[in-house]
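Chain by chain, the residues run as shown.
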Amino acid sequence: MTLPFRQFVLKLHGRCNLACDHCYVYEMADQRWRTRPRAMAPEIAERTAERIGEHARTWGLASVDVVLHGGEPLLAGEAAIRHVVGAVRDRVPARVSVQTNGTLLDQRFADLFTELGIRVSVSVDGDEQAHDRHRVRPDGTGSFAGVRRGVDLLRGRSCYGGLLCTVDLRNDPVHTYEALLGLAPPMIDFLLPHGNWSAPPPGRTADAGRAPYGEWLAAAFDRWYSAPRRETGVRIFEELITVLFGGASTVEGIGLSPALMVVVETDGTIEQSDILASAFEGAGSTGLDVRTASFDEVLALPEIRARQAGAAGLSATCQECRLHRVCGGGLRAHRYREGEGFDHPSVYCPDLKHLIRHVRARLTRDLAAIR
Ligand code: SF4
C-alpha cells in the first residue's frame, strides 16, 4: 500500500560555512552539489510549497513536517526562511524544524525561530575536543566555541529542539553524552557515520564478531537509562524501546515503518533521501523536479515503493533475521555494496544486533523485577 509523504526536507542553501570532514553532503560519493545553485530561488520555494499543498490536499493530510536543511540553511537568510515557511503554511499547517551547524545562530535568528515556532536542532559532536576534530572552519580552526554561543541563545526557549551528534569511536560514550547534556538539550540524536559495504565507516571492519558502534551506543544507553530522573530524550533509544514494545518507529533506520520523507534540492530536483549521497553519485535521484512533477509522481517510483514495503523491502538475510522487526535492516544507504546494490543487511548489522539485544535484555530484566 502506498502512503503519502509527510516529511519534506528542503535544501534551502546548498553550501556550508564549515568544512566538516565527515559531512555526507560534500565529502562522500555524490558530488552533484557542485553544479546546483547555492541557494533555493524564491520561485522554487514557492513551487515547492504549492506541491506540498497539492500533496496534502490529494491525501487529506491535516498537517505536514518540513525540515529546513542544507548545506547550512541559515546561510539562506531570514527573508528566505520567512518566505518558504509562510508559503507552505499558507497551504497546509506545518511543523517546521531546522538542522543547523549553529555557528550563525544569533539573537535575530533565535527570535525568528521562536516567533515562527521553528524547532532548532544543532549539530554538536560532544565536548570541544570531540567536536573540533571534525567540525572545522575552512581555515581548519574548530567551530565549538561559536556553536556553544549559538546553543546558549536557544537554552530555555521553546524553539530549542535538540542536538545531533555523529558518533566517533575515539570519544568516550558516557563523556560524550554528559558533554551534550551540559548544553541542556530537550533531545539528543546519535547519528552513525554514513558508510556502506564498499566504503565502510571508520572502525567498522568485516569482522562480524565485533560491534564497536553497538558497544558505544550500549554504554551511552546505560548512562541515559540509569539516570535517577529523566535528563533528556535520546531518539534512537526511545525509538528502540517503542518498537521493542510493539509500537511503530517514527524514524527511518529503526523498525519497519514506511519511509515518508522526501527531499527537494536548491534547484527544485526531488531526491528520495539526501543520505543516499553516501552510496554513489545519483543514488537518491528521482529524475523529477517540483517545477514539472507532483509528489504523487515520486510516490509511484519503484525505489519509493521499496522504501515503503516493510519486511518485503529487506534483503533475504534480514527477512530471516529474528531482529528484523526491530532493526528494520538499518538505513538503506548503509546496505549498499558496489556492483550489487542495496539488497544486503546494514554494514552496521553486528552493531545493531548488539544494541538491540542489550536494550531488550535491560528492559526484560526490569519488567521481570516489576512482576
Ligand atoms: S541488518 Fe542485521 S540485525 Fe538488522 S535485520 Fe538485517 S540481519 Fe538483522
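Residues numbered from 1 in each chain as written. Predicted model: local features only at pLDDT ≥ 70, side-chain atom pairs only at ≥ 80, totals over all residues.

## Description of the overall build of the chain
The number of helices and strands found in the chain is 13 helices and ten strands. For a compact globule of 371 residues, the expected C-alpha radius of gyration is about 21 Å, and the chain comes in at 20 Å, within 12% of that figure. Looking at the chain as a whole, 45% of its 371 residues are labelled buried. Long-range pairs, those at least 24 residues apart, make up 73% of the contacts in the chain between residues at least 6 apart in sequence. (Helix = DSSP H or I, 4+ residues; strand = E, 2+ residues; numbered from the N terminus. Rg over C-alpha atoms; globule rule 2.2 N^0.38 Å. Buried ≥ 20, exposed ≤ 12 C-beta atoms within 10 Å, placed from the backbone. Contact = placed C-beta atoms within 7 Å.)

## A closer look at helix α6 (residues 173-181)
For α6, the complete set of buried residues consists of Pro173, Thr176, Tyr177, Ala179 and Leu180. Buried residues of α6 fall within an arc of 160 degrees about the axis and therefore sit on the same side. Along its buried surface, α6 packs onto α4 (128-134), β5 (160-166), β6 (187-191) and α7 (212-225). (Arc of directions from axis to C-beta.)

## Topic: the sheet that holds strand β2 (residues 64-69)
Taken in spatial order, the ten strands line up as β7-β6-β5-β4-β3-β2-β1-β8-β9-β10 in an open sheet, and their pairing is mixed. One side of each edge strand has no neighbouring strand; the edge strands of this open sheet are β7 (233-234) and β10 (285-289). Where strand β8 (residues 261-264) lies against strand β9 (residues 269-271), two bridges are found, and the strand directions are antiparallel. Among the inter-strand pairings, Val264 is bridged to a residue of β9, identified as Ile270. (Pairing = 2+ DSSP bridges.)

## Re the nonpolar core
Ranked by size, the top nonpolar core spans 80 residues in total, and within it Leu10, Val66 and Val84 carry the most contacts. Ranked by residue count, the leading element in this core is α7, at seven residues. Residues in contact with Leu10, not counting those within four places in the same chain, are Met40, Thr48, Val66, Val67, Leu68, His69, Val84 and Val264. The next biggest cluster of nonpolar side chains, apart from the first, holds nine residues, and it includes Ala277, Ala283, Leu331 and Phe342. (Core = buried A, V, L, I, M, F, W, Y, C linked by C-beta atoms within 7 Å.)

## Thoughts on the site of the ligand
The local shell around the ligand holds 13 residues, among which Cys318, Cys321, Cys327, Pro345 and Cys349 are the closest. When residues in the shell around the ligand are grouped by element, the largest group, three residues, is from helix α13 (residues 349-370). Residue classes in the shell around the ligand are distributed as seven nonpolar, five polar and one charged. (Near = placed C-beta within 6 Å. Nonpolar A, V, L, I, M, F, W, Y, C, P; charged D, E, K, R; others polar.)

## A short note on the packing of helix α8 (residues 235-244) against α13
At a closest axis distance of 10 Å, the pairing of α8 and α13 adopts a crossing angle of 65 degrees. Classed by the angle they form, the pair α8 and α13 counts as roughly perpendicular. Relative to α13, α8 is oriented so that their crossing is right-handed. Here Phe237, Leu240, Ile241 and Leu244 of α8 come into contact with α13, specifically with Ile356, Val359, Arg360 and Leu363. Grouping the constituent residues of the contact of α8 with α13 by class yields seven nonpolar, no polar and one charged. (Axes fitted to C-alpha atoms, helices over the stretch in contact; angles between N-to-C directions. Parallel < 35°, antiparallel > 145°, perpendicular 65-115°, else oblique. Left-handed = near helix turned anticlockwise from the far one by under 90°.)

## A short note on the packing of α7 against α13
For the pair α7 and α13, the least separation of the axes is 7 Å and the interaxial angle reads 25 degrees. Classed by the angle they form, the pair α7 and α13 counts as roughly parallel. Seen from above, α7 lies across α13 with right-handed handedness. For the pair α7 and α13, the contacting residues are Tyr213, Gly214, Glu215, Leu217, Ala218, Phe221 and Tyr225 in the first and Pro350, Asp351, Leu352, Lys353, His354, Leu355, His358, Val359 and Arg362 in the second. In terms of residue class, the contact of α7 with α13 is built from nine nonpolar, three polar and four charged.

## Here's the deal with unusual backbone geometry
With an omega of 15 degrees, the peptide bond running from Gly70 to Gly71 counts as cis. By the element assignment, Gly71 lies in the loop between β2 and α2 (78-89). Positive phi values are uncommon outside glycine, yet Ala184 reaches one of about 50 degrees. Mapped onto the elements, Ala184 comes out in the loop between α6 and β6.

## Side note on the pairing of strand β1 (residues 7-11)
Successive residues of a regular strand alternate their side chains across the two faces of the sheet. When β1 meets β2, the two strands line up parallel, connected through five bridges. Across the sheet, the residue bridging to Val9 is Val67, located in β2. Relative to β8, β1 is paired through four bridges, and the arrangement is parallel. Bridging from a neighbouring strand, Phe8 pairs with Val262 of β8.

The values reported here are purely geometric and, on their own, carry no functional implication.
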